[in-house]
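# Inside the fold
If you want the building blocks of each chain, they are given just below.
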Amino acid sequence: MDAGMVVLMTLSFGLLLLLVQRSERRRRRVVFVLLLPVAFVIVWYANQRGYQQEALAGFILALVLNIFFWILIGRYNPVGSSDSIKVLGLDD
């Protein structure tokens, strides 16, 4: 098993999972649908190059790291709503 490819797959899948996890609740389905083709390209690349085991290990590791991130940070700092964002310098 190629350790460098496991790290690359972990970073790739981890970023995708983190983007879905930290997106606004109302927009989470849209973000998931938009990132799904990127995940398919990563899986397609792994299948073409023979990195199925590395892709599976990277996905499992990314899932564990994202769950760990959610437990430590995500539960206590939920994603804010776009309605509650205040821009400094506007006179509204």
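Structural data are supplied above this passage.
Residues numbered from 1 in each chain as written. Predicted model: local features only at pLDDT ≥ 70, side-chain atom pairs only at ≥ 80, totals over all residues. Heavy atoms only, no water.

## As for the environment of serine 23
Spelled out, the test is: Segments assigned H or I by DSSP are reported as helices when at least four residues long, segments assigned E as strands when at least two residues long, and all are numbered from the N terminus. Note on contacts: a residue pair qualifies if any of its non-hydrogen atoms lie within 4.5 Å across the two residues. Under the rule applied, a polar contact is a pair of N or O atoms within 3.5 Å (in protein, one hydrogen donor and one hydrogen acceptor; residues adjacent in sequence only if both atoms are side-chain atoms).
Within the fold, serine 23 resides in the loop between helix H1 (3-21) and helix H2 (28-49). Contact partners of serine 23, with chain neighbours within four places excluded, come to Arg28, Val31 and Val79. Of the polar contacts made by the side chain of serine 23, one reaches the backbone oxygen of valine 20; its length is 2.9 Å.

## Description of the packing of aromatic side chains
Any pair of aromatic rings gets described here by the distance separating the centres and the angle formed by the planes. Our working definition: Pairing of aromatic rings covers Phe, Tyr and Trp, the last through its six-membered ring, and needs centres within 6.5 Å; plane angles under 30 degrees mean stacked, over 60 mean edge-to-face, and all others mean tilted. Placement of a positive charge over a ring is assigned whenever Lys NZ or Arg CZ falls within 6 Å of the ring centre and within 35 degrees of the normal to the ring plane.
With the rule as written, the count across this model stands at 1 aromatic pair. Between phenylalanine 13 and phenylalanine 59, the ring centres sit 5.5 Å apart and the planes meet at 85 degrees, which makes this aromatic pair edge-to-face. With phenylalanine 13 in helix H1 and phenylalanine 59 in helix H3 (residues 52-74), the pair connects residues that are 46 residues apart, well separated along the chain. Sitting above the plane of the tryptophan 70 ring, arginine 75 keeps its charged end 5.6 Å from the centroid.

## Focus: H1
The criterion, for reference: Helix span is expected to be 1.5 Å times the residue number reduced by one. Any residue under 20% of the maximum accessible area for its type is buried, any over 50% is exposed, and the rest in between are partly exposed; the area is computed with a 1.4 Å probe on protein chains only. What the arc measures is the spread of directions leading from the helix axis to the C-beta atoms.
Across its 19 residues, H1 extends 26 Å between first and last C-alpha, which sits within 8% of the 27 Å expected from 1.5 Å per residue. By the burial criterion, the buried members of H1 are Met5, Val6, Met9, Thr10, Phe13, Gly14, Leu16, Val20 and Gln21. The buried residues of H1 occupy one face: seen down the axis, they fall within an arc of 165 degrees. Relative to its buried face, H1 has exposed residues pointing more than 90 degrees away, namely Leu11 and Leu15. In this structure, the buried residues of H1 make contact with H2 and H3.

## So, the nonpolar core
Stated formally: Here, nonpolar core means buried Ala, Val, Leu, Ile, Met, Phe, Trp, Tyr and Cys residues that are tied together by side-chain atoms lying within 4.5 Å of each other.
Met5, Met9, Phe13, Leu16, Val20, Leu35, Ala39, Ile42, Ala46, Ala55 and Ala62 together form the largest nonpolar core, which totals 11 residues. Counting only elements with at least two residues in this core, the list comes to H1, H2 and H3. Element by element, the count of residues in this core is highest for H1, at 5 residues. Excluding anything up to four places from it in sequence, valine 20 contacts Arg28, Val31, Phe32 and Leu35.

## Focus on the packing of H1 against H3
When two helices pack together, their arrangement is captured by the angle between the axes and the distance separating the axes. Where we set the bar: Only the contacting stretch of a helix is used when fitting its axis, a line to C-alpha atoms as for every element, and angles between N-to-C directions run 0 to 180 degrees. An angle below 35 degrees is treated as roughly parallel, one above 145 as roughly antiparallel, one from 65 to 115 as roughly perpendicular, and anything else as oblique. When the near helix sits turned anticlockwise from the far one by under a right angle, the crossing is termed left-handed; a clockwise turn instead gives a right-handed crossing. Amino acid classes used here: Ala, Val, Leu, Ile, Met, Phe, Trp, Tyr, Cys and Pro are nonpolar; Asp, Glu, Lys and Arg are charged; the rest, including Gly, are polar.
Here H1 crosses H3 at 45 degrees, and the two axes come no closer than 7 Å. On the basis of their axis angle, the class for H1 and H3 is oblique. Our pair here, H1 against H3, has a crossing hand that is right-handed. Across the interface between the two elements, Met5, Val6, Met9, Thr10, Phe13, Gly14, Leu17, Leu18 and Gln21 of H1 pack against Glu54, Ala55, Ala57, Gly58, Phe59, Leu61, Ala62, Leu63, Leu65, Asn66, Phe69 and Trp70 of H3. When grouped by side-chain class, the residues that make up the contact of H1 with H3 number 15 nonpolar, 5 polar and 1 charged.

Shape is all these values report; function is a separate question.
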